[in-house]
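Here is how the chains run, residue by residue.
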Amino acid sequence: MSVLPLVFTSGWASGINAYAVILLFGIFGATGVSDEVPESLQRTDVLVVAGVLFLCEAVADKIPYVDSIWDAVHTVIRPVAGAVVAALLAGESGSLPEIAAGAIGGSTALMSHLVKSGTRMAINTSPEPFSNVAMSVAEDLGVAGIITFAVFNPVAAAIIAAALLVLGIVVVVFLASRIRRFLRRRAQRREEKRLAATVAGRPPG
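Because the structure is a prediction, the values reported are computed rather than measured. Residue positions within a chain follow its written sequence, with the count starting from 1. Given that this is a predicted model, residues contribute local features only at a pLDDT of at least 70 and side-chain atom pairs are listed and counted only at 80 or more, while totals for whole chains, interfaces and linings are drawn from all residues. Side-chain descriptors were evaluated using all non-hydrogen atoms of the structure, hydrogens and water having been removed beforehand.

Focus on the overall build of the protein chain
Definition in use: By the criteria applied, helices consist of DSSP H or I runs no shorter than four residues and strands consist of E runs no shorter than two, each listed in order from the N terminus. The buried label goes to any residue with under 20% of its type's maximum accessible area, the exposed label to any with over 50%, and the partly exposed label to all in between, with areas taken from a 1.4 Å probe on protein chains only. All accessible-area figures derive from a Shrake-Rupley calculation using a 1.4 Å probe, and residue coverage is judged against the displayed protein chains alone. The positive count covers Lys and Arg only, the negative count covers Asp and Glu only, and His and the chain ends enter neither. For this purpose, a charge sits on NZ of Lys, CZ of Arg, CG of Asp or CD of Glu.
Counting its secondary structure elements, the protein chain contains 8 helices and 0 strands. Dimensions of the protein chain, computed from C-alpha atoms along their principal axes, come out at roughly 70 × 35 × 30 Å. By the burial criterion, 43% of the 205 residues in the protein chain qualify as buried. Taken as a whole, the protein chain presents about 10,400 Å² of accessible surface, with 73% of it coming from carbon and sulfur. Once the 16 positive and 15 negative side-chain charges of the protein chain are each reduced to a mean point, those two points are 18 Å apart.

Here is the structure:
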């Protein structure tokens, strides 16, 4: 079960930024920093695609409301990526069944993704854009730091990831009123757009 802490940590990080996780693991494997990275994550095409998508996320994740749209699109992508990376890590080590690893990585990624999405919804109720940029940079640095740390000390990294996950859940619960406000605003904007489209489509009377 030695790979379990790495699986858990990679799942948590994938829920925040799956492309960064794939890119970092691939680079660590390709450069010989870690022997536990599967060959499939070290492929040049995988690294190029992950790098391009990471850059796209780095931009979208810092723009108010665009970040929430990006999160909504990735509600399925991040958990699936977390499950796949976890299964690949387990298959490489042989110390944990791949199906179990995928379940752990995917569920952990889903939880951290929901925490991230909820936090961004709350932040988007603020009129200024700087909090989005600050949060995005903190998330990117956090994922890079925790994955790098996990390569050298997976148990300690897993403990930190678990603590961050619990803290994130507490924060989302605390910000529940702001999240509901964001959802009401979004529903109101959609209704306004629908009414505008309906009015524009009416023949002149």
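Quick notes on a positive patch on the surface
Our working definition: Two distance rules govern patches: like charges are joined within 9 Å, and nonpolar side chains (Val, Leu, Ile, Met, Phe, Trp, Tyr) within 5 Å, applied only to residues with over 30% relative accessible area and no salt bridge. What counts as a salt bridge is simple: a side-chain nitrogen of Lys or Arg found within 4 Å of a carboxyl oxygen of Asp or Glu.
Where like charges cluster on the molecular surface, the positive patch consists of Arg 178, Arg 180, Arg 181, Arg 184, Arg 185, Arg 189 and Arg 190. Along the chain, Arg 178 falls in helix 8 (residues 176-200).

Observations concerning the pattern of salt bridges
The tally for this structure, following the rule as stated, stands at 10 salt bridges. The partner of Glu 57 in a salt bridge is Arg 78, with the nearest N and O atoms 3.1 Å apart. Taken together, the positions of Glu 57 in helix 3 (residues 44-60) and Arg 78 in helix 4 (residues 66-93) put the pair 21 residues apart, joining distant regions of the chain. A salt bridge links Lys 116 to Asp 61; its shortest N-O distance comes to 3.3 Å. Separated by 55 residues along the polypeptide, Lys 116 in helix 5 (residues 98-123) and Asp 61 in the loop between helix 3 and helix 4 bring together distant segments of the chain. For Asp 61, a relative accessible area of 1% gives the class buried.

Let's talk about the nonpolar core
Note the threshold: By convention a nonpolar core is built from buried Ala, Val, Leu, Ile, Met, Phe, Trp, Tyr and Cys residues, the set being connected through side-chain atoms within 4.5 Å. We call two residues in contact whenever any of their non-hydrogen atoms come within 4.5 Å of each other.
Grouped together as the largest cluster of nonpolar side chains are 38 residues, with contacts concentrated most on Trp 12, Ala 13, Val 21, Phe 25, Val 143 and Ile 147. Within the residue set of this core, elements represented by two or more residues are helix 1 (4-30), helix 3, helix 4, helix 5, helix 6 (130-152), helix 7 (154-174) and helix 8. No other element matches helix 1, which puts 12 residues into this core. Once residues lying within four places of it in the same chain are set aside, the contact partners of Ala 13 are Ala 18, Val 21, Val 143, Ile 146 and Ile 147.

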